[in-house]
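# Observations on chain architecture
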Amino acid sequence: MATLLLADHHEDHLGDATAKALTAAIQIGGPVHILVAGTSPKGAAAEAARLEGVEKVLVASGEIYGHGLAEPFAELLVGLMGAYDALVASSSTTGKNILPRVAALLDVMQISDISKVDGPDTFERPVYAGNAIQTVKSTDAKKIVTVRTAAFAATGEGGSAAVEDISAAGDPGLSRFVGEELTRSDRPELGSAKIIVSGGRALGSAEKFKEVIEPLADQLGAAIGASRAAVDAGYAPNDQQVGQTGKVVAPDLYVALGISGAIQHLAGMKDSKVIVAINKDDEAPIFQVADYGLVADLFTAVPELISELAKT
Ligand code: FAD
């Protein structure tokens, strides 16, 4: 059994997701090789080589890998899969974009968003917004697996894997990069933040969302999240949505402000280590998952919290 892990990297730095997906890859079966592909991925490849449990890092350099286009990545991966029994990637936008195409080209089923590895061919994954856990046993010769990284701890550092340059595959010419609009922020990235402050419909407007959520997030050095109701109402941008149809997060601390705790929201944050909720309705479902709950009006409680934090 040999497993290939597709690295998630940004601007030549490996994302946290790779070290977490690596834990799943090792459990599926070693030796584990990591593929780092990009315009100039040497820095990310060096970081990958230091991860514990990696035997080899494959580096494919080329302009065609600069923007995560599924078609050239799939061409490269399908060419490599002759030597591997399993291909693993995190359930990030990159993994979700590329792996289905690889699975289709190999004519196998993709196993999506696993939260546990029971064996080399058996996996657990949440379904129905996390209300049930499905156990999937694959009979395909090649396993194509995306990993819910919030469910796995990151591997440590201390490895010294060999780094090998490999040739870029041809560009199938099915897609081309046109442009992108990136949100630049000094805040931690939502998917990997240690602390998240999230706001819900109760905030009432984009101005109030900014006015109430941002100072607390600044105080805590936190990323900002939002419920879908807040996003749909235009209080917060789409990329801040947490939940079944947003990001799945598992920070050390998740602060839910004016969020009712619908199952679709819980599906994205209930694995957080400590959950703090402020809601004026003492029967709000968020209190069923909260470690600390405060029944209060957030517009008075949050400023008080900020001023108390400022004293520490
Ligand atoms: P509400 O449910 O309206 O809750 C607002 C809360 O604020 C209430 O509990 C209220 O008591 C409290 N409140 C009001 N005023 C105050 C105040 N002044 N101080 C303190 N508390 C106050 N939702 C997601 O979040 N993420 C998803 O990814 C997602 N995906 C979905 C996918 C599908 C297929 C469907 C059907 C729904 C999905 N939803 C998702 C929507 C979800 O069902 C809920 O509608 C949504 O989470 C509700 O957002 P909310 O808690 O902000 O709003």
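For every chain, the first residue of its written sequence is number 1, and the numbers climb from 1 along that sequence. Under the rules for a predicted model, residues below a pLDDT of 70 receive no local features and side-chain atom pairs below 80 are neither given nor counted, while totals for whole chains, interfaces and linings still include all residues. Only hydrogens and water are set aside; all other atoms, that is, all heavy atoms of the structure, feed into the side-chain values.

Taking an unreviewed UniProt entry as the reference, the chain is identified by name as Electron transfer flavoprotein subunit alpha belonging to Hansschlegelia plantiphila. Looking at the chain in UniProt, the text filed under Sequence similarities (unreviewed entry) is "Belongs to the ETF alpha-subunit/FixB family." UniProt lists a comment for the chain under the heading Function (unreviewed entry), and it reads "The electron transfer flavoprotein serves as a specific electron acceptor for other dehydrogenases. It transfers the electrons to the main respiratory chain via ETF-ubiquinone oxidoreductase (ETF dehydrogenase)." UniProt positions are given in the numbering used here, feature names are shortened, and annotations may be inferred rather than shown by experiment.

As a further point, take the nonpolar core. As used here, the term nonpolar core means buried Ala, Val, Leu, Ile, Met, Phe, Trp, Tyr and Cys residues forming a set that is joined through side-chain atoms within 4.5 Å. A 1.4 Å probe rolled over the protein chains alone gives each residue an accessible area, and that area as a share of the maximum for its type sets the label: buried under 20%, exposed over 50%, partly exposed in between. Counting residues in each nonpolar core, the largest one holds 30 residues, and the members touching the most others are Ile34, Val36, Val57, Val88, Ile114, Val145 and Val147. Of all the elements, helix 1 (residues 16-28) adds the most residues to this core, at 6 residues. Each residue touching isoleucine 34, except ones within four places of it in the same chain, is listed here: Leu4, Leu5, Ala7, Thr18, Ala48, Leu51, Val54, Lys56, Val57 and Leu58. Runs of E in the DSSP output that reach at least two residues are strands. Runs of H or I that reach at least four are helices, and both are numbered from the N terminus. Contacts were defined at the residue level, with two residues in contact if any of their heavy atoms lie within 4.5 Å.

To continue, consider the pairing of strand 9 (residues 122-127). For strand 9, the buried fraction is high: 5 of the 6 residues fall into the buried class. Paired strands, in this sense, are two strands between which DSSP finds at least two bridges. Bridge count between strand 8 (residues 116-119) and strand 9: 3 bridges; the pairing is antiparallel. Its bridge partner lying in strand 9, glycine 119 is registered against threonine 122. Here strand 8 hands over to strand 9 after 2 residues, the two strands then running antiparallel side by side. Sheet topology note: the strand 9/strand 10 (residues 132-137) ladder contains 6 bridges and is antiparallel. Note on strand 10: the bridge partner recorded for glutamate 124 is threonine 135. Between strand 9 and the antiparallel strand that follows it, strand 10, lie 4 residues; tyrosine 128 among them carries a positive phi value of about 50 degrees.

What follows deals with the site of the ligand. In the region of the ligand, 25 residues are neighbours, and Arg201, Ser227, Thr245, Ser260 and Gln264 sit closest. Here glutamine 241 contributes a side-chain N or O atom positioned 3.0 Å from an oxygen atom of the ligand. Counted as a polar contact is a pair of N or O atoms within 3.5 Å, where, for protein atoms, one must be capable of donating a hydrogen and the other of accepting one, and residues adjacent in sequence contribute only when both atoms are in side chains. One of the side-chain N or O atoms of threonine 245 is found 2.6 Å from a nitrogen atom in the ligand. We get accessible surface area from the Shrake-Rupley algorithm with a probe of 1.4 Å; when it comes to residues, only the shown protein chains can shield them. For the ligand, the accessible surface in isolation is 980 Å², of which the surrounding protein chains cover 76%. Elements supplying a minimum of two residues to the shell around the ligand: helix 6 (228-232), helix 7 (263-269) and helix 9 (298-311). Nonpolar residues are Ala, Val, Leu, Ile, Met, Phe, Trp, Tyr, Cys and Pro. Charged residues are Asp, Glu, Lys and Arg, and all others, Gly as well, are polar. A per-class count over the shell around the ligand returns 8 nonpolar, 12 polar and 5 charged. Nearness is defined per residue: one heavy atom within 4 Å of the molecule or strand is enough.

Moving on to unusual backbone geometry. Cis geometry marks the peptide bond from glycine 30 to proline 31, where omega comes out at -5 degrees. Checked against the element boundaries, proline 31 lands in the loop between helix 1 and strand 4 (32-38). One non-glycine residue, aspartate 107, lies in positive phi territory at about 60 degrees. Along the chain, aspartate 107 turns up in the loop between helix 4 (93-106) and strand 7 (110-114). Its identity as a non-glycine residue notwithstanding, alanine 129 has a phi of 55 degrees, on the positive side. Looking at the secondary structure, you find alanine 129 in the loop between strand 9 and strand 10.

This part is about the UniProt feature "domain: Electron transfer flavoprotein alpha/beta-subunit N-terminal" (unreviewed entry) in the chain. Per the UniProt record, "domain: Electron transfer flavoprotein alpha/beta-subunit N-terminal" (unreviewed entry) is annotated on residues 3-181. Helix makes up 26% of residues 3-181 and strand 32%, with an end-to-end C-alpha separation of 34 Å.

Moving on, we come to helix 1. Take the number of residues in a helix, subtract one, and multiply by 1.5 Å to get its expected span. Here helix 1 is 13 residues long and its end C-alpha atoms lie 19 Å apart, about the 18 Å a rise of 1.5 Å per residue gives. Taken residue by residue, helix 1 has Ala17, Thr18, Ala19, Ala21, Leu22, Thr23, Ala24, Ala25 and Ile28 as its buried positions. Of the residues one or two after helix 1, glycine 29 is the one with positive phi, at around 150 degrees.

Our next topic: the sheet that holds strand 8. The strand order across the open sheet formed by 3 strands is 8-9-10, and the pairing between neighbours is antiparallel. Strand pairing shows two members of the sheet lacking a second neighbour, strand 8 and strand 10, which therefore form its edges. Across this sheet, the average inter-strand angle for adjacent strands is 30 degrees, counted without regard to direction. Between the N-to-C directions of two axes lies an angle of 0 to 180 degrees, each axis being a line fitted to C-alpha atoms and, for a helix, fitted only over the stretch in contact.

Attention shifts here to the pairing of strand 13 (residues 195-199). Extensive coverage of strand 13 is indicated by the burial of 4 of its 5 residues. Looking at chain direction, strand 13 and strand 15 (residues 253-257) are connected through 5 bridges and run parallel. What sits directly across from isoleucine 195, in strand 15, is leucine 253. By definition, the crossover connecting two strands over a helix is right-handed if that path, from the first strand to the second, turns clockwise as seen with the strands pointing away from the viewer. Regarding topology, helix 5 (residues 206-220) serves as the crossover connection from strand 13 to the parallel strand 14 (residues 223-226), and that connection is right-handed.

Bringing the packing of helix 3 (residues 70-80) against helix 4 into the picture now. The contact between helix 3 and helix 4 brings their axes to 9 Å, and the two run at 50 degrees. On the basis of the axis angle, helix 3 is oblique to helix 4. Helix-helix and strand crossings are classified by hand; for helix 3 and helix 4 the assignment is right-handed. Contacts between helix 3 and helix 4 involve Ala70, Glu71, Phe73, Ala74, Leu77 and Val78 on the former and, on the latter, Asn97, Ile98, Arg101, Val102, Leu105 and Leu106. Looking at side-chain class alone, the contact of helix 3 with helix 4 contains 9 nonpolar, 1 polar and 2 charged residues. By definition in this entry, angles of less than 35 degrees are roughly parallel, angles greater than 145 are roughly antiparallel, angles of 65 to 115 are roughly perpendicular, and the rest are oblique. Helix crossings are classified by the rotation of the near helix relative to the far one: an anticlockwise turn of less than a right angle makes the crossing left-handed, while a clockwise turn makes it right-handed.

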